[in-house]
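Analysis of the macromolecular model
Here's the letter readout for the chains.
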Amino acid sequence: MLDLPNHQIEAMATTQDNANAWVQDNILNFPNVKFKPNQSQNPSPPSQGSFNTSYLPILVLTICFLFNNNLLLLVNLYPYFSYVTTRNMGLDYAIFTGISLVGDGQHNYQNLFDAMLDVVYSTLENRGGGSLEIVVSRTGWPTDGGEAATIDNARTYNNNLNQHVKQGIANETRKAY
């Protein structure tokens, strides 16, 4: 398994030279080692999720406002975009047809929708908004214009999402509507 520890991410992202040096030191210097992707893991554990730091000032104020006024948080969840930007994620995980679980140490997920929703809950908990109720106000799957954007995949996603919601969200301690 090839991994980059969290404390090294900032240095790696600072300059192309840093990234090149890391690749040289950790991959290219080992020509006889075969690296292959681990297809059973999502690289960002949902229970350790966070919002983009550039949005934190307004998000923290929004969370406080919603919390103080006993209001709901409306969230748009689009697993499609995570699917097309996350290498080696299975389509079955993204459109609710997978049967295996993806774990992050605290929770197990059978689909990307629940994992994404848990990122929101985890981040809220870390920012003082853990008791906010969430409404998934928009979700869906595109029918055209990109990788895996087909009518069949959209139909499968929407039908399976409806069945999933009828059964209840997987993590009963974290309610969403």
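Whatever comes next refers back to the structure up there.
Source: prediction; values computed, not measured.

We now examine the pattern of salt bridges. Scanning the entire structure with this criterion turns up one salt bridge. Residue Arg155 is joined to Asp152 by a salt bridge in which the shortest nitrogen-to-oxygen separation is 2.8 Å. Taken together, the positions of Arg155 and Asp152, both in helix 7 (residues 151-167) and three residues apart, correspond to about one turn of that helix. The exposure class assigned to Arg155 is partly exposed, which follows from its relative accessible area of 44%.

To continue, consider the nonpolar core. Across soluble globular proteins, you tend to see nonpolar side chains buried next to one another. Residues Ile134 and Trp141 are the most contacted members of the largest nonpolar core, which totals 31 residues. Elements represented by at least two residues in this core include exactly helix 3 (56-68), strand 1 (73-76), helix 4 (79-85), helix 5 (91-94), helix 6 (112-126), strand 4 (134-138) and helix 7. It is helix 6 that provides the largest number of residues to this core, a total of eight residues.

The alternating pattern of strand 1 places Leu73 and Val75 on a buried face and Leu74 and Asn76 on a face that is not buried. Taken together, the four bridges between strand 1 and strand 4 define a ladder with parallel strand orientation. Across the sheet, residue Leu74 finds its bridge partner in strand 4, namely Val135.

Looking now at helix 3. For helix 3, built from 13 residues, the straight-helix expectation of 18 Å at 1.5 Å per residue is met to within 8% by its first-to-last C-alpha distance of 18 Å. All of the buried residues in helix 3 are Leu56, Ile63 and Leu66. Down the axis of helix 3, the sector holding all buried residues measures 95 degrees, keeping them to one side. Structural note: helix 3 exposes Pro57, Ile58, Leu61 and Asn68 on the side pointing more than 90 degrees away from its buried face. Elements in contact with the buried residues of helix 3: strand 1 and helix 6. The positive-phi residue at the C-terminal boundary of helix 3 is Asn70, with phi of around 55 degrees.

We now examine the side chain of Asn111. In this structure, Asn111 sits in the loop between strand 3 (108-109) and helix 6. At a separation of 3.2 Å, a polar atom in the side chain of Asn111 contacts the main-chain amide nitrogen of Phe113. A distance of 2.7 Å separates a polar atom in the side chain of Asn111 from the backbone nitrogen of Asp114. Leaving out residues up to four positions away in the same chain, Asn111 has contacts with Tyr93, Phe96 and His164.

Cut-offs and rules
Residues numbered from 1 in each chain as written. Predicted model: local features only at pLDDT ≥ 70, side-chain atom pairs only at ≥ 80, totals over all residues. Heavy atoms only, no water. Salt bridge = Lys/Arg side-chain N within 4 Å of Asp/Glu carboxyl O. Helix = DSSP H or I, 4+ residues; strand = E, 2+ residues; numbered from the N terminus. Buried < 20%, exposed > 50% of the residue type's maximum accessible area, 1.4 Å probe, protein only. Core = buried A, V, L, I, M, F, W, Y, C linked by side-chain atoms within 4.5 Å. Pairing = 2+ DSSP bridges. Expected span 1.5 Å × (residues − 1). Arc of directions from axis to C-beta. Contact = heavy atoms within 4.5 Å. Polar contact = N/O pair within 3.5 Å; in protein donor to acceptor, adjacent residues only side chain to side chain.

Honestly, it's all geometry; don't read function into it.
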